[in-house]
Amino acid sequence: MIKNYPALKNLAPLFFFVVFFLFSVQANAQYQNAAFISVSNISSPVCAGSNITINFTAKNGNKLAEYYNNSSIYEVYIADASNNLTLLKTFNTSGVTYCGYDNCNTSLSTSVTIPPNLSTGNYIIRIYSTSPYNAWYSPSNDFIVNQLPLAPSLPINGSRCGTGTVSLSVTNPGTGFTIDWYASSTGGSVLSGGSGTSNFTTPSISSTTTYYSETRNTTTGCVSASRTAVTATINAIPTVVTSNPAAVCSPSTVNLTLAAVTTGSTVGLTFTYWTNVAATDSYATPTAATAGTYYIKGTIAATGCFDIKPVTVTVSPTTVGGSVAGGTTICSGSTSALLTLSGHTGTITKWQSSVSPFSTWTDIANTATTYTSGALSVTTQFRAVVQSGSCATANSISTTVTVNPLPTAPTFTNASICSGSSATLAASGAVATQFYRWYSLETGGVLLKTGTDNTVNTYVTPAITATTDYWVSIVNLNGCESIRTKVTAFVNVNNVWNGSLSKDWNTPGNWCTG
């Protein structure tokens, strides 16, 4: 037909234009009158896994069947550059007030979570309605989603014994990433000292605590979808209780491995033995310990936690009694000289004394190294008793204090004289090798005369005018002196018989005259 009508042939372009125009008008009218969803722009970039709010409008169509209402069901999709769709959410809008006439718009919003597994790239959001069905929609703008980094890997837990800090670490996924540390698996704030580091030292803690590490992209700020748990374990410190073993006597030794030495310690400990408090110098013979202070380390095998306590071994040297010096010869009634113990090993527990036949000993309460006896009347031996620690006691070598007897007190003859005369006083009782001493008083006083032997037995007083007492003793060759005997010189008054010349009353010299 066109071939036969060249004029019509020239009208062909106009025909196609008219057809296209009419189709466009029809389509636009359909758009203008159809239900329609329009999605607002979304801020860019966002991190995968983050929550975003989507604002959109729902436009009613030109008939009631295309009105949106509370029963409308929406589907939210995210599409990548290849238009691969992922459903993010399906929801209705119960409680929303929609406009109720043709071609009106209702503003709506919803929140969605960007899938955490998305790779970095450009994406759009599309929203569809299944009731009423909408064939027309306007998607969001292109926005960038940044991929999340991998969570930290290869966590290295830490432990310690008792309260304190613990070192933890993880492996960083790679360049451009860093690690932050938290006290919880989600939320919370970065811990002090835990920002931007693969290694983290905990604060001082007293119980086992779990910490959480999170990877952060230093450029985008995006963080890993999950946090890696790392545990700081606090192991209990055991308690070692030691009891010093009983002292032994040399050459005996002590077995430090006996249970009695560590009774009361934490159950199940492994014990080792050392010569220093730092437990760096091992003690080779704990089953035969000699005198000294040692250190017992009790360790929990599973954790390595330990406690160290000292224990003291006392090995007493063998007791040595030594010897007592200072024995002398004394007179009966005198005390010994100072007796002194020397050459002993151990502590003095007491002294002892014994008299002939020196087979029975009497205890003396004295623990000093010296001793002076009380007054002695017979020859006496003295010794000390010594004990070194738990060793048996030992007696010292004794010393002898020889006691010489005193001479028998002398007998006497008083004298009677006239006033102003001298009296001759006489004593008797001394034997050969003994002599007399004359005194002015019973004790102390002035020594008036010392005889040369037992025949020199008299003492002539000075002229006296009153009756006067004198005292005489006997001294033997050992220097021992008897008690003193009183001898009196009586002085007679005038006309008193004194019988100094004879027994004749008629002799004037036998009478004291004034």
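Cut-offs and rules
Residues numbered from 1 in each chain as written. Predicted model: local features only at pLDDT ≥ 70, side-chain atom pairs only at ≥ 80, totals over all residues. Heavy atoms only, no water. Pairing = 2+ DSSP bridges. Helix = DSSP H or I, 4+ residues; strand = E, 2+ residues; numbered from the N terminus. Axes fitted to C-alpha atoms, helices over the stretch in contact; angles between N-to-C directions. Core = buried A, V, L, I, M, F, W, Y, C linked by side-chain atoms within 4.5 Å. Buried < 20%, exposed > 50% of the residue type's maximum accessible area, 1.4 Å probe, protein only. Polar contact = N/O pair within 3.5 Å; in protein donor to acceptor, adjacent residues only side chain to side chain.

Draft legend 1. Fine view of the sheet that holds strand β37 (residues 468–475). Judged by pairing direction, the sheet is mixed, and its 5 strands sit side by side in the order β32-β38-β37-β34-β35 without closing on themselves. Every other strand in the sheet has two partners, leaving β32 (415–418) and β35 (447–450) as the edge strands with one partner each. Between one strand and the next, the sheet's axes are offset by a mean angle of 25 degrees, whatever the strand orientation. By the bridge criterion, 5 bridges tie strand β34 (residues 435–439) to β37 in an arrangement that is antiparallel. Counterpart to F435 in the pairing with β37 is V475.

Draft legend 2. How the structure looks around the nonpolar core. Residues I54, Y74, I125 and I127 are the most contacted members of the largest nonpolar core, which totals 28 residues. Those elements giving two or more residues to this core turn out to be β1 (36–39), β3 (51–59), β4 (73–79), β5 (85–92), β6 (105–113), β7 (121–131) and β9 (143–146). When residues of this core are assigned to their parent elements, the largest contribution, 4 residues, is made by β3. Residues Y459, I464, Y470 and V487 belong to the second largest nonpolar core, which totals 16 residues.

Draft legend 3. Local environment of the side chain of S265. Looking at the element boundaries, S265 is found in the loop between β17 (248–249) and β18 (270–274). Exposure remark for S265: the relative accessible area of 13% places this residue in the buried category. Side-chain polar atoms of S265 contact the backbone oxygen of T262, separated by 2.9 Å.

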